[in-house]
Amino acid sequence: MLRSLVGSEMCIRDSLCTEVAKCHQHGQPVLIGTRSVASSEKLAGMLTELQIPFQLLNALKHREEAEIIEAAGTKGQVTIATNMAGRGADIKLGSGVLELGGLHVILSEQHESKRIDRQLQGRCARQGDPGSVRTYTSLDDAVLRQNLPRPILKIVDRRVTRPMEIKFATAACFAHAQKVAQRKTFQQRKAVLESDKWLSQALSFAAPNVAFQ
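Everything numeric in this text was worked out from a predicted model, so none of it was measured. (Residues numbered from 1 in each chain as written. Predicted model: local features only at pLDDT ≥ 70, side-chain atom pairs only at ≥ 80, totals over all residues. Heavy atoms only, no water.)

### Remarks on helix H1 (residues 9–26)
Applicable threshold: Runs of H or I in DSSP of at least four residues are treated as helices and runs of E of at least two as strands, each being numbered from the N terminus. The span expected for a helix works out to 1.5 Å for each residue beyond the first. Think of it in three bands: with a 1.4 Å probe and only protein chains considered, a residue is buried below 20% of the maximum accessible area for its type, exposed above 50%, and partly exposed in between. For this quantity, the arc is that covered by the directions from the helix axis to the C-beta atoms.
Between its first and last C-alpha atoms H1 spans 26 Å; for 18 residues at 1.5 Å apiece the expected length is 26 Å, and the two agree. Every buried residue belonging to H1 is among Ile12, Leu16, Cys17, Glu19, Val20 and Cys23, and all of these are buried. Around the axis of H1, the buried residues are gathered within 165 degrees of arc, so they sit on the same side. In H1, the exposed positions angled more than 90 degrees off the buried face are occupied by Met10, Thr18, Lys22 and Gln25.

Okay, here's the thing in structure tokens:
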């Protein structure tokens, strides 16, 4: 089941913590995806304040990856992971989790690449197992702010009052922002490759016995 919630950063933070606490109280395992190590650490601090136990999986915790992924589908487990963490490994549901609705995946923020969002959403409901997904979209998200034209940002800032209009408008804006971000990333990679190619060709003309200091 796919669900989404749009709001300000503070609204997102409060709603996310409330949802995690509710799932944890009922025993449903939760996997929370974040965009960066900094975001995962910030979310970890919020759950710590609420005294909700969790496992944190990011680039700083890579040695414990196998153990954390193995336990992510067990009853009552809460796991925070960055987009690169735990990919390629199925999360198996523990005893009694099927009856609770399976693994619940939360996208605490969307990524610059829609492909990464889909990968995270696909961590639940695998091989016929039940599962659910919630996507949180902040109107203050950097992906929106850095990749949308100013006229569109002004429309977003008006915060359309009707909930359905907010969800529709923000979803369309975020899809456009992700396309722009991916285009920028492609151009940056292309520039790096061209620079490497030029440097390789330039150095090939250097005398073989010249030592560069």
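What follows picks up the thread again.
### Points about a nonpolar patch on the surface
Rule in force here: Patch membership needs two things, relative accessible area over 30% and no salt bridge, and members are linked within 9 Å if like-charged or within 5 Å if nonpolar (Val, Leu, Ile, Met, Phe, Trp, Tyr). The accessible surface values rely on the Shrake-Rupley method and a 1.4 Å probe; as for residues, cover is taken only from the protein chains in view. By salt bridge we mean one thing: a side-chain nitrogen of Lys or Arg within 4 Å of a carboxyl oxygen of Asp or Glu.
Together, Trp198, Leu199 and Leu203 make up an exposed nonpolar region whose accessible area comes to about 350 Å². In this fold, leucine 199 is placed in helix H7 (residues 163–203).

### Focus: the pattern of salt bridges
As a working rule, side chains carrying opposite charge can pair if their charged atoms are close by. For the structure on display, the rule yields four salt bridges. With a shortest N-O distance of 3.7 Å, arginine 35 and glutamate 109 are connected by a salt bridge. Residue arginine 35 is located in the loop between strand E2 (30–34) and helix H2 (37–49), and its partner glutamate 109 is located in the loop between strand E5 (103–107) and helix H4 (114–121); the two are separated by 74 residues in the primary sequence. Note on arginine 35: relative accessible area 23%, which makes it partly exposed. Given the relative accessible area of 13%, glutamate 109 is considered buried.

### A short note on the layout of surface pockets
Here the idea is plain: a probe the size of a water molecule rolls over the atoms and shows the empty space left. Inclusion rule: Cavities and pockets are found on a 1 Å grid laid over the protein atoms alone: a cavity is a set of points where a 1.4 Å probe fits but cannot escape, a pocket is an open set with protein on both sides within 12 Å along at least five of seven lines, and a lining residue has an atom within 4 Å of such a point. Grid points are joined across faces, edges and corners, and a volume is the space filled by probe spheres set on the points. Each residue gets one of three labels, nonpolar for Ala, Val, Leu, Ile, Met, Phe, Trp, Tyr, Cys and Pro, charged for Asp, Glu, Lys and Arg, and polar for the others, Gly among them.
A volume near 440 Å³ is recorded for the largest pocket. Lining of the largest pocket is provided by 21 residues; of these, Glu9, Ile12, Lys42, Ser108 and Glu109 occupy positions nearest its centre. The dominant element in the lining of the largest pocket, judged by the number of residues it contributes, is H1, at five residues. Considering only residue class, the lining of the largest pocket consists of eight nonpolar, six polar and seven charged. Size it by volume and the second largest pocket reaches roughly 350 Å³. As for the second largest pocket, its lining consists of 16 residues, and the residues nearest its centre are Glu112, Ser113, Ile116, Thr185 and Arg189. Elements represented by at least two residues in the lining of the second largest pocket include exactly H4, helix H5 (142–147) and H7.

### Topic: the nonpolar core
In plain terms, the rule: Take the buried Ala, Val, Leu, Ile, Met, Phe, Trp, Tyr and Cys residues and link them wherever side-chain atoms come within 4.5 Å; each set so joined is a nonpolar core. Residues are treated as being in contact if the distance between any of their heavy atoms lies within 4.5 Å.
Counting 17 residues, the largest nonpolar core has Leu16, Val20, Ile32, Leu47, Ile80 and Ile106 as its most contacted members. Those elements that place two or more of their residues in this core are H1, E2, H2 and strand E4 (78–82). It is H1 that provides the largest number of residues to this core, a total of five residues. Contact partners of leucine 47, with chain neighbours within four places excluded, come to Cys17, Val20, Ile32, Ile52, Phe54, Val78 and Ile80.

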